[in-house]
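# Architecture and fold: a report
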Amino acid sequence: MYTTTIKRAVLGACILFSGMAAVAQTADEIIDKHLTAIGGKDAWQKINSIKQEGNVQVQGADVAVSITVLHGKGSRQDIAVMGMSGYQILTPTAGWSYMPFQGQTKPEPVTADQLKESADSYDAHGALVNFKQKGHSVEYLGKEDIEGTETFKLRVTHKSGKTETIFVDPASYYIVRTITKQKANGQEMDVTTNLSNYKKLPEGIVVPMSIGLPFGELTITKVEVNPPVDEKVFKPENL
């Protein structure tokens with residue numbers, strides 16, 4: 001009797017652990033296929049800097065956006081609208097926001113929580129490239145319908161503690177949507193971003209040229225890979 005009970009317990013444990021391994025392997029397989037689809041891990045690891053330019057319509061106004069990332073060093077987002085220019089700068093040690101069209105008269109430092117959760121903004125390779133070495137973890141959550149497509153659903157827990165849900169198209173292995181939990185004014189909120197119109201660049205990497213944001217769709221018009229970036233751009237003006 002006891003022998004049978006022990007055998008059942010061992011068998012149950014084996015089934016449990018093999019199931020867990022299968023789930024973990026599935027997550028890894030999805031990520032590997034996704035990285036292959038967007039050009040391969042080796043191609044992305046050659047990226048030291050990237051600059052994107054685009055436009056988004058916000059309440060009838062044309063907003064010009066420029067995003068500069070120097071891998072591991074900093075990111076800068078410049079915004080121009082109605083004759084005014086603002087920016088947000090993020091680095092591993094400090095960050096600033098200057099949005100004159102929102103009433104700011106000088107750059108203001110971002111909060112410690114914002115700085116901690118924004119570490120991926122200056123990761124030019126993306127969170128999924130070498131995610132384990134970066135201290136992130138990924139969990140496979142099954143499938144979910146996104147606008148008629150049964151996508152793979154992954155939850156990424158970043159080293160900072162920030163969580164992000166990623167939806168991967170099983171046909172292309174492109175990411176079609178992300179939902180990120182962010183803190184604003186002391187409250188946590190979900191920010192949904194839709195990604196589409198992927199394009200392969202001469203350097204071999206594949207990037208989305210249409211980014212659906214909560215306030216409008218950002219259309220990328222220009223992408224530069226490995227342009228020279230002076231680190232002075234990550235220091236605020238008008239202080």
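Whatever comes next refers back to the structure up there.
What counts and what doesn't
- Residues numbered from 1 in each chain as written.
- Predicted model: local features only at pLDDT ≥ 70, side-chain atom pairs only at ≥ 80, totals over all residues.
- Heavy atoms only, no water.
- Buried < 20%, exposed > 50% of the residue type's maximum accessible area, 1.4 Å probe, protein only.
- Helix = DSSP H or I, 4+ residues; strand = E, 2+ residues; numbered from the N terminus.
- Pairing = 2+ DSSP bridges.
- Contact = heavy atoms within 4.5 Å.
- Polar contact = N/O pair within 3.5 Å; in protein donor to acceptor, adjacent residues only side chain to side chain.
- Phe/Tyr/Trp six-rings, centres within 6.5 Å; stacked < 30°, edge-to-face > 60°.
- Lys NZ or Arg CZ within 6 Å of the ring centre and 35° of its normal.
- Core = buried A, V, L, I, M, F, W, Y, C linked by side-chain atoms within 4.5 Å.

Next up on the list: the pairing of strand β12 (residues 206–213). Most of β12 is tucked away, with seven of its eight residues classed as buried. Sheet topology places strand β11 (residues 187–200) next to β12; six bridges connect them, and they run antiparallel. Each residue of the ladder has a partner; that of Lys200, found in β12, is Val206. Counting the residues between successive antiparallel strands, the hairpin from β11 to β12 contains five residues, one of them, Gly204, with a positive phi of roughly 100°. In textbook terms, the turn of a hairpin is the stretch between consecutive antiparallel strands, and for β12 and strand β13 (residues 216–225) this stretch comprises two residues.

Glancing now at the environment of Arg177. Turning to its location among the elements, Arg177 is positioned in strand β10 (residues 175–184). Along the sequence, Arg177 and Thr165 sit twelve residues apart, while their C-alpha atoms lie 8.3 Å from each other. The residues contacting Arg177, other than those within four sequence positions of it, are Ile146, Glu147, Thr165, Ile166, Phe167, Thr192, Thr193 and Asn194. A polar contact of 2.6 Å, which involves the side chain of Arg177, links it to the side chain of Asn194.

On to the environment of Val233. One can find Val233 in the segment after β13. Along the sequence, Val233 and Ser75 sit 158 residues apart, while their C-alpha atoms lie 8.8 Å from each other. In contact with Val233, other than residues within four places in its own chain, are Arg76 and Ile89.

Let's shift gears to the environment of Thr111. Inspection of the secondary structure puts Thr111 in the loop between β6 (108–109) and α3 (112–117). C-alpha separation for the pair Thr111 and Gly95, spaced 16 residues apart in sequence, amounts to 8.1 Å.

Another aspect to go through is the packing of aromatic side chains. Within the structure shown, the criterion is met by four aromatic pairs. Judged by centre distance (5.6 Å) and plane angle (50°), the ring pair of Tyr87 and Tyr98 falls under tilted. Of this pair, Tyr87 sits in strand β4 (residues 84–90) while Tyr98 sits in strand β5 (residues 95–98), and the two are eleven residues apart along the sequence. As far as the burial class goes, Tyr87 and Tyr98 line up, both buried. Judged by centre distance (4.2 Å) and plane angle (20°), the ring pair of Tyr174 and Tyr198 falls under stacked. Taken together, the residues Tyr174 in the loop between β9 (163–168) and β10 and Tyr198 in strand β11 connect sequence positions 24 residues apart. Through a chain of ring-to-ring contacts, three or more aromatic side chains come together here, namely Tyr140, Phe152 and Tyr173. Over the ring of Tyr87 we find Arg76, and its NZ or CZ is 4.5 Å from the ring centre.

Side chains of nonpolar character tend, in soluble globular proteins, to be buried together. Of all hydrophobic cores here, the largest spans 41 residues; its most connected members are Leu128, Leu154, Val168 and Ile205. Beyond its immediate sequence surroundings of up to four residues, Val168 is in contact with Ile30, Thr151, Phe152, Leu154, Tyr173, Tyr174 and Ile175. With six residues, the next largest nonpolar core counts Leu70, Tyr87, Trp96 and Tyr98 among its residues.

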